[in-house]
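Now for the letters of each chain:
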Amino acid sequence: MLKYNPKLPREKVYGVYELDVLGFFSKLGLLEKLKMGQIVCEKCKITITENNFGAVYKKNNELVFLCDKAQCKNIIEGIE
Ligand SMILES: [Zn+2]
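Computed from a prediction, not measured in an experiment: that's the story for all the values here.

Sheet topology places strand β1 (residues 53-59) next to strand β2 (residues 62-67); six bridges connect them, and they run antiparallel. In the strand pairing of β2, Lys-58 is matched with Leu-63. Hairpin connection, β1 to β2: the antiparallel pair is bridged by two residues, and Asn-60 has positive phi, about 50 degrees.

Next up on the list: the confidence of the model for the protein. On average, residues of the protein carry a pLDDT of 78, and 70% of them reach 70 or more. Across the protein, the element-wise mean pLDDT spans from 77 in helix α3 (residues 70-77) up to 95 in helix α2 (residues 31-35).

About the criteria used
- Residues numbered from 1 in each chain as written.
- Predicted model: local features only at pLDDT ≥ 70, side-chain atom pairs only at ≥ 80, totals over all residues.
- Pairing = 2+ DSSP bridges.
- Helix = DSSP H or I, 4+ residues; strand = E, 2+ residues; numbered from the N terminus.
- pLDDT = per-residue confidence, 0-100.

Here's what the structure looks like:
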């Protein structure tokens, strides 16, 4: 899996605090993957659902997802 780079440029970080999680994943074309439990948190590897989705950022043209646990989301909050 992708490794987090603390020097990731800010503009590559998606603002993820979308209220409509399902709509957000639908826009990305990843709704089926989400529902099938195929999206995992990059940091703690937990399966991401609409209820624990925390953040997403883009790295090397691939989306990296994080759950809503503070220690995982903090990766992104640390950048901003
Ligand atoms: Zn996590």
